[in-house]
Amino acid sequence: MKKNNYLNLLMTLTSLIENETNELSLLANVTALIKTALPQVSWVGFYLLKDGNLLLGPFQGKVACTVIPLNKGVCGQSARTEQTVLVKNVHLFPGHIACDSAANSEIVIPMIVSKKLYGVLDLDSTSFSRFTKTDKFYLEEIVAIIARELEKITK
């Protein structure tokens, strides 16, 4: 079931962004697509690297933190290490930033554009252990597709 959801999401994503020439529109539509396609996801959005911090970009969900230092939280760790961070229980994560007190699990995927950190894709859930290795695999693929499109736009 989860794999089929992602395969459908990948097909829709490809057609949604293939001719998009505006970076903001691309990111905004991707967040809406992911939020609609994935069950039990309470928040999905991008934090974009600007002046050494992650700044809130397009998102779907409750009001969010607007600035995240690279040495704070799950997003900061993902950006700093340029590795996906999957957290089954955010309340046990040292330095977790509770933008939404109802969030219980999180996955953050770094986005590398033109060989540089561009930002991160952040997903939260009110369910514990919502995100798995399957989510990690497909979300990393989604971010790679987005990064390739952004390379074309931001040249």
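Residues numbered from 1 in each chain as written. Predicted model: local features only at pLDDT ≥ 70, side-chain atom pairs only at ≥ 80, totals over all residues. Heavy atoms only, no water.

> With reference to specific residues and values, describe the overall build of the protein chain.
Helix and strand counts for the protein chain stand at four helices and six strands. Scanning the protein chain from its N terminus toward the C terminus, one meets helices and strands in the order α-α-β-β-β-α-β-β-β-α. Scored against the burial criterion, the 155 residues of the protein chain give a buried share of 44%. The contacts in the protein chain between residues at least 6 apart in sequence include a share of 53% that link residues at least 24 apart. Charged side chains in the protein chain number 16 positive and 14 negative. The centres of these two groups are separated by 5 Å. (Helix = DSSP H or I, 4+ residues; strand = E, 2+ residues; numbered from the N terminus. Buried < 20%, exposed > 50% of the residue type's maximum accessible area, 1.4 Å probe, protein only. Contact = heavy atoms within 4.5 Å. Lys, Arg positive; Asp, Glu negative; His and termini not counted. Charge placed at Lys NZ, Arg CZ, Asp CG, Glu CD.)

> Can you tell me about the nonpolar core, naming the residues and giving the values?
Within the largest apolar cluster, 31 residues are counted, with the highest numbers of intra-cluster contacts made by Leu27, Ile34, Met111, Leu123, Leu139, Ile142 and Ile146. Contributing elements (two or more residues each) for this core: helix H1 (2-17), helix H2 (23-37), strand E1 (43-50), strand E5 (105-113), strand E6 (116-125) and helix H4 (133-153). It is H4 that provides the largest number of residues to this core, a total of eight residues. In contact with Leu27, not counting residues within four places along its chain, are Phe46, Leu48, Pro58, Met111, Tyr118, Ile146 and Leu150. Among the nonpolar cores identified, the runner-up in size contains 16 residues, and Tyr47, Val87, Val90 and Val108 belong to it. (Core = buried A, V, L, I, M, F, W, Y, C linked by side-chain atoms within 4.5 Å.)

> Break down the packing of H2 against H4 for me, with residues and values.
Their axes nearest at 10 Å, the elements H2 and H4 cross at an angle of 165 degrees. By the criterion of interaxial angle, the relationship of H2 to H4 is roughly antiparallel. Between H2 and H4 lies a crossing whose hand is right-handed. Along the contact surface, H2 presents Glu23, Leu26, Leu27, Val30 and Ile34, while H4 presents Ile142, Ile146, Glu149, Leu150 and Ile153. Per-class residue counts for the contact of H2 with H4 are eight nonpolar, no polar and two charged. (Axes fitted to C-alpha atoms, helices over the stretch in contact; angles between N-to-C directions. Parallel < 35°, antiparallel > 145°, perpendicular 65-115°, else oblique. Left-handed = near helix turned anticlockwise from the far one by under 90°. Nonpolar A, V, L, I, M, F, W, Y, C, P; charged D, E, K, R; others polar.)

> Tell me about helix H3 (residues 73-81), and please be specific about residues and values.
When we look at burial in H3, the residues that qualify are Gly73, Val74, Cys75, Gly76, Ser78 and Ala79. Along its buried surface, H3 packs onto E1, strand E2 (53-60), strand E3 (67-69), strand E4 (85-87), E5 and E6. The first or second residue beyond H3 is Glu82, which carries a positive phi of 55 degrees.

> How would you explain unusual backbone geometry if you had to name every residue and give the values?
The backbone of Asp51 shows a phi angle near 50 degrees, a positive value even though the residue is not glycine. Looking at the element boundaries, Asp51 is found in the loop between E1 and E2. The phi angle at Lys115 is positive, at roughly 65 degrees, despite the residue not being glycine. Its place among the elements puts Lys115 in the loop between E5 and E6.

> Talk me through the packing of aromatic side chains; I want residue IDs and the actual numbers.
To describe a pair of aromatic rings, you give the distance between the ring centres and the angle between the ring planes. Scanning the entire structure with this criterion turns up four aromatic pairs. Ring centres 5.9 Å apart and planes at 25 degrees place the aromatic pair Trp43 and Tyr47 in the stacked group. Residues Phe137 and Tyr138 carry aromatic rings whose centres are separated by 4.9 Å and whose planes lie at 90 degrees to one another, so their mutual orientation is edge-to-face. We classify Phe137 as exposed; its relative accessible area is 53%. Judged by its relative accessible area of 9%, Tyr138 falls in the buried class. (Phe/Tyr/Trp six-rings, centres within 6.5 Å; stacked < 30°, edge-to-face > 60°.)

> Lay out the packing of H1 against H2 with the relevant residues and their values.
Taken N-terminus to C-terminus, the directions of H1 and H2 make an angle of 160 degrees; their axes are 11 Å apart at the nearest point. When the interaxial angle is binned, H1 and H2 end up roughly antiparallel. Considering how the two elements wind past one another, H1 and H2 form a crossing that is right-handed. In this structure, H1 uses Asn5, Leu9, Thr12, Leu13, Leu16 and Ile17 to contact H2, whose residues at the interface are Leu26, Asn29, Val30, Leu33, Ile34 and Ala37.

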